[in-house]
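# Notes for the structure review
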Amino acid sequence: MRRLSVTAAVAVALIAPSAVAQAQPDPAAVMTTYADIAHAMYADSLATARILDTAIGTLVSTPTEANLAAARQAWIEARVPYQQTEVYRFGNPIVDDWEGRVNAWPLDEGLIDYVDVSNYGDASDENMFYTANVVANPQFTFGGTTIDASSITPSLLQDDLHEVDGVEANVATGYHAIEFLLWGQDLNGTGPGAGNRPATDFDTANCTGGNCDRRAEFLVSASALLISDLEEMVDNWAEGGAARAEVTADPETAGPSAIITGLGSLSYGELAGERMQLGLLLHDPEEEHDCFADNTHNSHYYNQVGMTAVYTGRYVRTDGSVVEGASMSDLVAANSEELDTTILNLMSATTSAMQAMVATAEGGTAYDQMLAEGNDDGNAVLQAVIDRLVDQAAGFEEVVVALDLQIGPFEGSDSLDDPDAVFH
Amino acid sequence: MKHPRIAISTITALSLGFMTPFAAAQTAPEGARYAELNDAIITHQIAPAHEAFAIAARDLAAALDGYCVTETSGLDTVFDAYHDTYDGWMAVSWVNFGPQSLFMRPVRVHFWPDSRNTVGRQLAGVLNEPRDDLLDPEVLASASVALQGLPALERLLFEGDGLAPESYTCALGIAIAANLEAIGADLGAAWSDPEAPAAALPDDAALTVTMFQAAFEQLELILTRKLAAPLGESADQARPRLAENWRSGRALRNIGVNLATLRDLTENGDQTGFADLLRDAPGGVDIADRVIAELDAAIALAELLRDQPIDQLVADPDQRANLVTLGQHVAEARRIWADEVGPALNLNLGFNSLDGD
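Residues numbered from 1 in each chain as written. Chains lettered and ligands numbered in written order. Predicted model: local features only at pLDDT ≥ 70, side-chain atom pairs only at ≥ 80, totals over all residues. Heavy atoms only, no water.

## Focus on the overall build of chain A
Counting secondary structure elements, chain A contains 15 helices and 4 strands. Expected size for 424 residues packed as a compact globule is a radius of gyration near 22 Å; at 22 Å, chain A falls within 12% of this value. Judged by the C-alpha coordinates and their principal axes, chain A covers about 75 × 50 × 50 Å. For chain A, with 424 residues in total, the buried portion stands at 59%. (Helix = DSSP H or I, 4+ residues; strand = E, 2+ residues; numbered from the N terminus. Rg over C-alpha atoms; globule rule 2.2 N^0.38 Å. Buried < 20%, exposed > 50% of the residue type's maximum accessible area, 1.4 Å probe, protein only.)

## Details of the packing of aromatic side chains
All names here are of chain A. Enumeration over the complete set of coordinates arrives at 20 aromatic pairs over all chains. Between Y88 and W237, the ring centres sit 5.3 Å apart and the planes meet at 65°, which makes this aromatic pair edge-to-face. You can see Y88 sitting in the loop between α2 (65-85) and α3 (93-103) and its partner W237 sitting in helix α7 (residues 212-237), a full 149 residues away along the chain. With relative accessibility at 0%, the residue W237 sits in the buried group. Taking the centre distance of 4.2 Å and the plane angle of 15° together, the rings of Y120 and Y130 count as stacked. In this pair, Y120 sits in helix α4 (residues 117-120) while Y130 sits in the loop between α4 and β1 (139-142), placing the two residues 10 residues apart along the sequence. (Phe/Tyr/Trp six-rings, centres within 6.5 Å; stacked < 30°, edge-to-face > 60°.)

## Considerations on the packing of helix α9 (residues 251-266) of chain B against helix α13 (residues 317-345) of chain B
Residue and element names in this part refer to chain B. Contact geometry of α9 with α13 gives a least axis separation of 13 Å together with a crossing angle of 30°. Classified by the angle their axes make, α9 and α13 are roughly parallel. Of the two possible hands of crossing, α9 and α13 adopt the one that is left-handed. Contacts from L252, L259 and T266 in α9 reach L323, L326, V330 and W337 in α13. In terms of residue class, the contact of α9 with α13 is made up of 6 nonpolar, 1 polar and no charged. (Axes fitted to C-alpha atoms, helices over the stretch in contact; angles between N-to-C directions. Parallel < 35°, antiparallel > 145°, perpendicular 65-115°, else oblique. Left-handed = near helix turned anticlockwise from the far one by under 90°. Contact = heavy atoms within 4.5 Å. Nonpolar A, V, L, I, M, F, W, Y, C, P; charged D, E, K, R; others polar.)

## Here we look at the environment of L331(A)
Residue and element names in this part refer to chain A. If you trace the backbone, L331 turns up in helix α11 (residues 328-335). For the pair L331 and I56, spaced 275 residues apart in the sequence, the C-alpha separation amounts to 44 Å. Excluding anything up to four places from it in sequence, L331 contacts Q24, P25, V30, P256 and L403.

## Some remarks on the domain arrangement of chain B
All names here are of chain B. Under the domain assignment, chain B is made up of domain 1 (4-41 + 201-344) and domain 2 (47-192). Placing the centre of domain 1 and that of domain 2 at their C-alpha centroids yields a distance of 27 Å. Each partner contributes residues to the interface: domain 1 has 26 residues there, and domain 2 has 19 residues. Between domain 1 and domain 2, roughly 2,000 Å² of surface is buried when both sides are summed, and carbon and sulfur atoms account for 59% of that area. In terms of surface lost to domain 2, no three residues of domain 1 exceed N245, R247 and R250, which account for 27% of the buried area on that side. (Domains from an automatic or database assignment. Buried area = accessible area lost by both parts, 1.4 Å probe.)

## A closer look at the side chain of N92(A)
Residues and elements named next belong to chain A. Along the chain, the position of N92 falls in the loop between α2 and α3. There is a polar contact of 2.8 Å between the side chain of N92 and the side chain of Y34. Among all residues touching N92, those that are not within four sequence positions of it are Y34, W237, V247 and A258. (Polar contact = N/O pair within 3.5 Å; in protein donor to acceptor, adjacent residues only side chain to side chain.)

## Brief notes about the state of the cysteines
Residues and elements named next belong to chain A. For the coordinates displayed, the defined rule picks out 2 disulfides over all chains. Sulfur-sulfur distance for the disulfide between C207 and C212 comes to 2.0 Å. Taking the sign of the S-S torsion, 90° for the link of C207 and C212, the bridge is right-handed. By relative accessible area, which is 36% here, C207 ends up partly exposed. For C212, a relative accessible area of 2% corresponds to the buried category. (Disulfide = S-S within 2.5 Å.)

## So, the nonpolar core
Residue and element names in this part refer to chain A. With 117 residues, the main nonpolar core has Y88, L182 and W237 as its most contacted residues. Looking at which element gives the most residues to this core, the answer is helix α1 (residues 27-61), with 15 residues. Contacts of Y88, omitting those with residues within four sequence positions, involve Y34, I37, A38, M41, Y42, V95, W237 and V310. (Core = buried A, V, L, I, M, F, W, Y, C linked by side-chain atoms within 4.5 Å.)

## With respect to α13(B)
Residue and element names in this part refer to chain B. Over its 29 residues, α13 extends 40 Å from the first C-alpha to the last, a length consistent with the 42 Å expected when each residue adds 1.5 Å. At W337, α13 shows its strongest bend, of approximately 35°. Where α13 begins, the capping side chain belongs to D316, and its oxygen is found 3.1 Å from the backbone nitrogen of D318. Following α13 by one or two positions, N346 has its phi on the positive side, about 60°. (Expected span 1.5 Å × (residues − 1). Bend = angle between axes of the 7 residues up to and from the residue.)

## Describing the pattern of salt bridges
Two side chains bearing opposite charge may form a pair once their charged atoms approach each other closely. Residue and element names in this part refer to chain A. Tallying each qualifying case throughout the model produces 40 salt bridges over all chains. Between R89 and D96 there is a salt bridge, with the nearest N and O atoms lying 2.9 Å from each other. The same class applies to R89 and to D96, which are both buried. Among the salt bridges present, the one from E239 reaches R244, with a minimum N-O distance of 3.8 Å. (Salt bridge = Lys/Arg side-chain N within 4 Å of Asp/Glu carboxyl O.)

## Observations regarding the packing of α1(A) against α2(A)
The packing of two helices is summarised by the inter-axis angle and the distance between the axes. Residues and elements named next belong to chain A. Running from N to C, α1 and α2 point in directions that differ by 165°, and their axes come no closer than 8 Å. As the angle between them shows, α1 and α2 are arranged roughly antiparallel. Judged by the sense of rotation from one axis to the other, the crossing of α1 with α2 is left-handed. Here M41, Y42, D44, S45, T48, A49, I51, L52, A55, T58 and L59 of α1 come into contact with α2, specifically with N67, L68, A70, A71, A74, W75, E77, A78, P81, Y82, Q84 and T85. For the contact of α1 with α2, the class distribution of residues is 15 nonpolar, 6 polar and 2 charged.

Have a look at this one:
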């Protein structure tokens, strides 16, 4: 299931190698640009996460509605550079292995804090920790596993709670755990409105929701972890970093293959499929990527902005400065200008469809309303984005053929889903 | 976040059906051979399998109507029809192209895996506050895919108090079966019309690539979702509820039907299969023999284990070992398919729809 039709993709004519071509750029320069943009994107993600951390510090020391609103705004701004980095995830095993710590999704938020069970349910076939509520429970035991959560430290979140019992929906770290703590559940279904947690949930003197001290502790620890995780990834892309070394080692084949794998896999299986088509098929707000904050339209849009930056070799930083250089686009154009133009047009069409989605959300119809059953107009806005992403992925497959690249090989995962863990 | 991704190290030339100008010619089959294979698979496998599914779905709707409304058939008849319908679906579930690409048909019939318990959650909502509009199959057809297919019907039949005649549950079951009957009829008609399957199919080598990739993704799904996930890393960490259709005891039965279908794609008596093209390629005889042997070994184990409850299979040491052996055969078949069959026939895999989180 979750299949996106290949036949729905635009058929783009195969360009013969003899078609008009530009001068061949230096492949090493292309890979250097790719690594430089990664470094800048992760550095911007880190800088905005530090601003978020400061806002969270202010919120827990002075839990007013204004300070909660400021922290939420800082979270939304921190998502802008981070979502652009997701184009680096597939194709770079160092990123993919790390990604689950910072952007794991979807999550069973009942692990973290109180939930409305009439909306969320009180049990799951797949997750014993579905309503474990760490904020309320200093110690708990499930199926023989006892966890001492008397102190909610970064190491408790990362080592003991995150993916506890091997269940990926047990998310205790990263942007979405922080998002849940800042917004709370969105109890509006496919109607208007986002999560509406009161600031007093962090007010030990006038506490709502219970255990305000522990809730604040969870939030502060999750924020600290986000910063240390992002620092690690900035280092990986700095001069001498491991991720930079990997992509620059073979600039002829392995490097460009990593670029195109990241572009194609994010466009197709991940964004068009898992994050968008599935939610639309289910008409289910639980399938919204930034479901607590109702920020999903921006998260998807900035994925596309990041893909465009990587393909064209031009990234506009959060401070407005530009990192640019020789690009994948140049490499493709050197093979066939026509194919490069095709790709740029496909990407531009996706960006336009994304912008229509953002405009719809900003016009008052949030993403979870767009995907509602019976909202034909909203459904069509999302389907248009999905269709353009599939077209775009088909274009990237043509680049694979034209430049004789390889898709993958992808790193195996270390989860229980990994057949190698069981069958070898 | 993390799901298995695929180690394919041999992708070089062909994707979405485009032949590279140089690498192809020397050992690759002629275009006519691809067309012959495509025609054989569509005419002798895909079309009749869809006919069988359409008939089973029609009988299921009749059985539910007989049980719930006229009370002329018993629950056993409903269960038999349910299993026949699922057997029918599992024989076509590898197909993800052509008429399947229209109207989201596959996922409406069988939404799985359901990693977030969406079927359970949405169905509970509907049963707690019955929605009469969903009893109209046309309304149901555009509602959530979690509510309108076989997994929802499985819960109605095998969970809780089961079906009581004249209940809302029974009426919803009838609507689901009517929806399945309609999808089955549309798919059956689309695949049986040799002139115009409703969605245009690619030609020759491009269609063969599409089938090759679809078969690969089916092997991947069997291995990672249907076997590895419920097995877990040890008997203590087994997760039988991640198995497919565990509520109706079909986990291994589904795998057996899936694998038998893939074997037929490879070799199907007098009709052309992938093995026939392989045998014309250098080294291909050995490749064909090995992939068939792996599939046969896996099918034999799936048959052996078919009627054992999955929760016992994953926990009992001997049975667990059998399941692991089954998985090893599937894993080897998958490896041969990607690393040897593809290059021998000049067929290559593109971006995988199973990539996402």
